[in-house]
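Analysis of the macromolecular model
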Amino acid sequence: MRHAQRLERIPPYLFAELERKISAKREQGVDVISLGIGDPDTPTPDVVVEALRGAAGDPGTHQYPSNRGRAEFREGVASFYSRRFGVELDPGTEVVPALGAKECVFNLNLAFLDPGDAALASDPGYPVYTGGPLLAGGDPVLVPLRPERDFAPDLEAVSAADRERARLLFLNYPNNPTGAVAPDGVFEEAVAFARANDLLVVHDASYTEVTFDGYRAPSFLETPGAKEVGVEIFSLSKGYNMTGWRTAAMVGNAEAVASYWRLKTNIDSGMFEAVQLAAVAALEQGDEVAHEMSRIYERRRDLVVDALRAIGVAVVPPRGTIYIWAPVPEGYDSASYCEQVLQESAVVISPGSSYGPNGEGFFRISLTIADERLEEALERMRSSLGG
Ligand SMILES: Cc1ncc(COP(=O)(O)O)c(C=O)c1O
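What you are looking at is a predicted structure, and each value in this text was computed from that prediction instead of being measured.

1. Here we look at the packing of aromatic side chains
- The tally for this structure, following the rule as stated, stands at 14 aromatic pairs.
- With a centroid separation of 6.2 Å and an interplanar angle of 70 degrees, the aromatic rings of Phe80 and Tyr81 are classed as edge-to-face.
- The rings of Phe80, Tyr81, Phe85 and Phe234 are connected pair by pair, giving a single aromatic cluster.
- Residue placement shows Arg68 over the ring face of Trp261; its charged tip is 4.6 Å from the ring centre.

Set out below in structure tokens:
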């Protein structure tokens, strides 16, 4: 069968590789513990499930939704942004539903890139920032995130030619995979860069509700001028344990919202309206659950940081996200260390290099696993890898 050339442009999706490795081991009867994928292990809050139950019983939600989203959804997102971030959004023009941040990131590439155009993508970064531009016929231009700059993108390093063809700049704080929170001035710098280079900033706010040590993550849209040059994608997946629900909103610049909406009317038929109403319940009544989840991840973060330090890994505790990003010990690269951990401990961790060349020398551990299994994984790593 002949498939389109564009499929040849992208590497296999990172987690597909991991899944393959895990099943191969499991087929050999090995009890593999995966700390690879970030997918909350606790159920969606009851209040959200109940709201879905109620809304799904109303035949008014059963027909094709519109891509524009129900008024309740757009108003619910706008009220949440006002209460949580002090950001005022016009529900009529500045809010639109997205079927998860992943869909939204991908489709923004389709809406904004022509062949030869580029999207500036963090390296290391969430893989769709690079796969999206490639599938859309454009090019990702990698912008390094380094520990010595607190994982702020080095925009100065983008060449004049790449600035010229860049249409999108992807940012993401709290950050996957590094766990970094927004470094001081990063959003202001992005606004100035977008103005100077006529591009759209896309801030992926998938982890703003997962933070520790009293840290409150800001919205990009709190930055003066942000709405003129950018949008934010707010996902309910991680903060409200709703990865399976495919629920997010794109908010901000009205022109960008309209372009995305226009594109989407040709691609999908929107978000199930009962899910939209359940998302509103999450945003209105989910604060306590989100805080409780952050407390759970904070406790697990401490377990992992202590265990890694005990085996000689110099790790900095993150203030947000569900990930620990740590340097591999001397004598290894990312892939060889992760392979060693898999073979010796039957524990899956992600090689930093799979998030981009600047992830080389690091590995990522996800905290979305029950405490007992996490403790067992850490104990296995400790006994097989020394300490
Ligand atoms: C940075 C980032 N953006 C987006 C996503 C996907 O979010 P969603 O479930 O809303 O598609 C993830 C999931 O891991 C992520 O880490």
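2. Concerning the sheet that holds strand β2 (residues 95-98)
- Ordered by their spatial adjacency, seven strands build an open sheet running β2-β8-β7-β6-β5-β3-β4, and the pairing between neighbours is mixed. In this open sheet, the two strands that pair with only one neighbour each are β2 and β4 (139-144). Averaged over all pairs of adjacent strands, the angle between strand axes in this sheet comes to 25 degrees, irrespective of strand direction.
- With four bridges connecting them, strand β5 (residues 166-171) and strand β6 (residues 200-205) associate as parallel partners. By the bridge assignment for β6, Phe170 is matched with Val202.
- Against the sheet, helix α3 (residues 71-85) contacts β2, β7 (230-235) and β8 (248-252), and its axis sits at roughly 65 degrees relative to β8.
- Contacts from helix α9 (residues 254-264) reach β2, β6, β7 and β8 within the one sheet, and its direction differs from that of β2 by about 40 degrees.

3. Regarding α9
- Looking at α9, one finds that the buried residues are Ala256, Val257, Tyr260, Leu263 and Lys264. The arc that holds the buried residues of α9, viewed along the axis, is 130 degrees, so those residues lie on one side. Along α9, exposed side chains directed more than 90 degrees from the buried face belong to Glu255 and Arg262.
- Elements that come into contact with the buried residues of α9 comprise β2, α4 (101-112), β6, β7 and β8.
- Of the residues flanking the start of α9, the one acting as N-cap is Asn253, its side-chain oxygen 3.0 Å from the backbone nitrogen of Glu255.

Cut-offs and rules
Residues numbered from 1 in each chain as written. Predicted model: local features only at pLDDT ≥ 70, side-chain atom pairs only at ≥ 80, totals over all residues. Heavy atoms only, no water. Phe/Tyr/Trp six-rings, centres within 6.5 Å; stacked < 30°, edge-to-face > 60°. Lys NZ or Arg CZ within 6 Å of the ring centre and 35° of its normal. Pairing = 2+ DSSP bridges. Helix = DSSP H or I, 4+ residues; strand = E, 2+ residues; numbered from the N terminus. Axes fitted to C-alpha atoms, helices over the stretch in contact; angles between N-to-C directions. Contact = heavy atoms within 4.5 Å. Buried < 20%, exposed > 50% of the residue type's maximum accessible area, 1.4 Å probe, protein only. Arc of directions from axis to C-beta. Polar contact = N/O pair within 3.5 Å; in protein donor to acceptor, adjacent residues only side chain to side chain.

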